[in-house]
Amino acid sequence: MSDIPLGVLDLIPISSGSTAADALRNSIDLARQTERLGYARYWFAEHHLNPGVAGTSPAVALALTAAATSTIRLGSGAVQLGHRTALSTVEEFGLIDALHPGRLDLGLGRSAGRPPGERATTATATPVVDGRAPNGLLIPPRFSFEHLLGSPRIALQRTLLLLPGAQSQDYAEQIDDILALLAGTYRSPEGIEAHAVPGEGADVEVWILGSSGGPSAEAAGARGLRFAANYHVSPASVLEAVDGYRSFFHPSEFLDKPYVSVSADVVVAADDATARELAAGYGPWVRSIRTAEGAIEYPTPDEARAHPWSDEDRALVQDRVDTQFVGSAGRVADQLEQLQEATGADELLITTITHDHADRVRSYELLAREWSRR
């Protein structure tokens, strides 16, 4: 499996008892370490109003990390276009590319206070029987994000991110504007040219991130762009997402055939018991996200064990806990192979969170070593 590259997805998590500055320093160090270990990409997610997540601006994090690394590709997973313009996005990434050319991935997402999980627009999907893909990969029941739509925190996030009276641009149109600005072919409806400096001609790879076979998969496929599907966010719809993307795909100047990355939540340790201990904080952390409270500071195993669980709480996190890959390097690599086989992924994107930074680095190290042997 060493021919399937591994990448890193980082939310810049803040552990309990630490600060956002600590989290950012740890992320930059992790980027250096994973570059040394042979990981292909290092992506930063974008999240807002979360006590336990410092990843609010992928572009800023990328600029800081680019200066501290030299070869690993760096990207956004993803820039949330719902509260941004095409020009601001191209200019920011163009500014970084000016000093670090040829290393950037511009991952685009629709979210702006919108919960993940889009309605599918394609009926093609790999069959799932009794919660399993044909090769046995767990595909849990679909989780409903509807309760988040009425959350005051989600509404406030959207209010604070958008200028008063502003409306988000149509997502597909925004992608087209970004591609045109990068290529230097942008024309307004009135025929006026616009040239982004820096940005025009920047050597960036454009990716679309999606959680279903809906608008994001269609936008990526129709334009012949790379697509990243989220098993770690929405495991129930990952097969639908990759199948949808492939069904919409048309060859382009960027790709002659579909290209897919799939994400997974992972914790690796020397043995299964130690890995389970390190992953103990995952359930309470996911619960805080899915209750719309905002991601809490990542708890220690002792803090996690002290969390009082209700049946409702367990139902909120069950699909995520069940699809987190936790264990020895061999066990987790087996599960990642299964995920790759089920989705046909060209790459896998690994997101690992533990309370202690050293355990997080060690998890990526053990996985890289095992993966290189396969």
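These notes cover the structure that comes with them. (Residues numbered from 1 in each chain as written. Predicted model: local features only at pLDDT ≥ 70, side-chain atom pairs only at ≥ 80, totals over all residues. Heavy atoms only, no water.)

### A few points about the overall build of the protein
In step 1: Counting secondary structure elements, the protein contains 14 helices and ten strands.
In step 2: Relative to the globule expectation of 21 Å for 374 residues, the C-alpha radius of gyration of the protein, 20 Å, shows essentially globular dimensions.
In step 3: Overall size of the protein, expressed as C-alpha extent along the three principal axes, is 60 × 45 × 45 Å.
In step 4: By residue count, 56% of the 374 residues in the protein fall in the buried class. (Helix = DSSP H or I, 4+ residues; strand = E, 2+ residues; numbered from the N terminus. Rg over C-alpha atoms; globule rule 2.2 N^0.38 Å. Buried < 20%, exposed > 50% of the residue type's maximum accessible area, 1.4 Å probe, protein only.)

### Remarks on the pairing of strand β8 (residues 260–269)
In step 1: Within β8, ten of the ten residues are buried, which leaves it mostly tucked inside the rest of the structure.
In step 2: Burial of the side chains of β8 extends over both faces: Val260, Val262, Ala264, Val266 and Val268 are buried on one face and Ser261, Ser263, Asp265, Val267 and Ala269 on the other.
In step 3: Where strand β7 (residues 226–230) lies against β8, four bridges are found, and the strand directions are parallel. Across the sheet, residue alanine 229 finds its bridge partner in β8, namely valine 262.
In step 4: In this sheet, strand β9 (residues 325–328) lies alongside β8 in parallel orientation, the contact comprising four bridges. (Pairing = 2+ DSSP bridges.)

### Things to note about helix α12 (residues 311–322)
In step 1: A rise of 1.5 Å per residue sets the reference length of α12, with its twelve residues, at 16 Å; its end C-alpha atoms lie 16 Å apart and thus fit the reference within 8%.
In step 2: All of the buried residues in α12 are Asp313, Leu316, Val317, Asp319 and Arg320. Taken down its axis, α12 places every buried residue within 155° of arc, on the same side. The outward face of α12, more than 90 degrees from its buried face, is lined by the exposed residues Asp311 and Ala315. (Expected span 1.5 Å × (residues − 1). Arc of directions from axis to C-beta.)

### Focus on the packing of helix α1 (residues 20–37) against helix α14 (residues 357–372)
In step 1: One can describe the packing of α1 onto α14 by two numbers: an axis separation of 10 Å at closest approach and a directional angle of 20°. Accordingly, the angle class assigned to the pair α1 and α14 is roughly parallel. By crossing handedness, the relation of α1 to α14 is classed as right-handed. Seen from α1, the contacting residues are Asn26, Ser27, Asp29, Leu30, Gln33, Thr34 and Leu37; seen from α14, they are His357, Arg360, Val361, Tyr364, Glu365 and Ala368.
In step 2: The class makeup of the residues in the contact of α1 with α14 is five nonpolar, five polar and three charged. (Axes fitted to C-alpha atoms, helices over the stretch in contact; angles between N-to-C directions. Parallel < 35°, antiparallel > 145°, perpendicular 65-115°, else oblique. Left-handed = near helix turned anticlockwise from the far one by under 90°. Contact = heavy atoms within 4.5 Å. Nonpolar A, V, L, I, M, F, W, Y, C, P; charged D, E, K, R; others polar.)

### Structural notes on the environment of arginine 290
In step 1: Tracing the backbone through its elements, the reader meets arginine 290 in helix α10 (residues 282–290).
In step 2: On a C-alpha basis, the gap between arginine 290 and leucine 87 in space is 32 Å, while along the polypeptide they are 203 residues apart.
In step 3: If near-sequence neighbours (up to four positions away) are discounted, arginine 290 is found in contact with Phe143, Phe145, His147, Leu148, Val233, Leu316, Val317, Asp319 and Arg320.
In step 4: From its side chain, arginine 290 meets the backbone oxygen of leucine 316 in a polar contact 2.8 Å long. (Polar contact = N/O pair within 3.5 Å; in protein donor to acceptor, adjacent residues only side chain to side chain.)

### Concerning the pattern of salt bridges
A side chain of one charge can pair with a side chain of the opposite charge when the charged atoms of the two come close.
In step 1: Summed over all chains, the structure comprises 24 salt bridges.
In step 2: Here arginine 290 makes a salt bridge to aspartate 319, at a shortest N to O gap of 2.5 Å. You can see arginine 290 sitting in helix α10 and its partner aspartate 319 sitting in helix α12, a full 29 residues away along the chain. Comparing arginine 290 with aspartate 319, the two get one shared label, buried.
In step 3: Salt-bridge contacts for glutamate 370 lead to arginine 373; the nearest nitrogen and oxygen are separated by 2.7 Å.
In step 4: Overlapping salt bridges, with partners in common, bring together Arg41, Arg73, Asp105, Glu205, Arg226 and Glu347 in one network. (Salt bridge = Lys/Arg side-chain N within 4 Å of Asp/Glu carboxyl O.)

### A few points about a nonpolar patch on the surface
In step 1: Together, Leu49, Leu156 and Leu160 line one region of the surface with nonpolar side chains, adding up to about 290 Å² of accessible area.
In step 2: Locating leucine 49 in the fold gives a position in the loop between β2 (41–44) and α2 (58–66). (Patch = residues over 30% accessible without salt bridge, like charges linked within 9 Å, V, L, I, M, F, W, Y side chains within 5 Å. Areas by Shrake-Rupley, 256 points an atom, 1.4 Å probe, with all protein chains shown as cover.)

### Some thoughts on the packing of α10 against α12
In step 1: Contact pair α10 / α12: the axes reach a minimum separation of 9 Å and the direction vectors enclose 115°. It follows that α10 is roughly perpendicular to α12 by the angle criterion. Along this stretch, α10 crosses α12, giving a crossing that reads as right-handed. Here Tyr282, Gly283, Trp285, Val286, Arg287 and Arg290 of α10 come into contact with α12, specifically with Asp313, Leu316, Val317, Asp319, Arg320 and Val321.
In step 2: Of the residues that constitute the contact of α10 with α12, the class distribution is six nonpolar, one polar and five charged.

### Focus on the nonpolar core
In step 1: Formed by 77 residues in total, the largest nonpolar core has its most connected members in Leu108, Val262, Val266, Phe325, Leu336, Leu348 and Leu367.
In step 2: Per element, the largest residue contribution to this core is seven residues, and it comes from helix α6 (residues 171–183).
In step 3: The residues contacting valine 266, other than those within four sequence positions of it, are Gln324, Phe325, Val332, Leu336, Ile350, Thr351, Thr352, Ile353, Ser363 and Leu367.
In step 4: Ranked by size, the runner-up nonpolar core spans 22 residues in total, among them Phe145, Val286, Ala295 and Val317. (Core = buried A, V, L, I, M, F, W, Y, C linked by side-chain atoms within 4.5 Å.)

### Let's talk about unusual backbone geometry
In step 1: Going from glycine 77 to alanine 78, the amide bond is cis rather than trans, its omega being 15°.
In step 2: Tracing the backbone shows alanine 78 in the loop between β3 (73–76) and β4 (79–80).
In step 3: Cis peptide bonds are those with omega within 30 degrees of zero, and the linkage from valine 197 to proline 198 qualifies with -5°.
In step 4: Along the chain, proline 198 falls in the loop between α6 and β6 (204–210).

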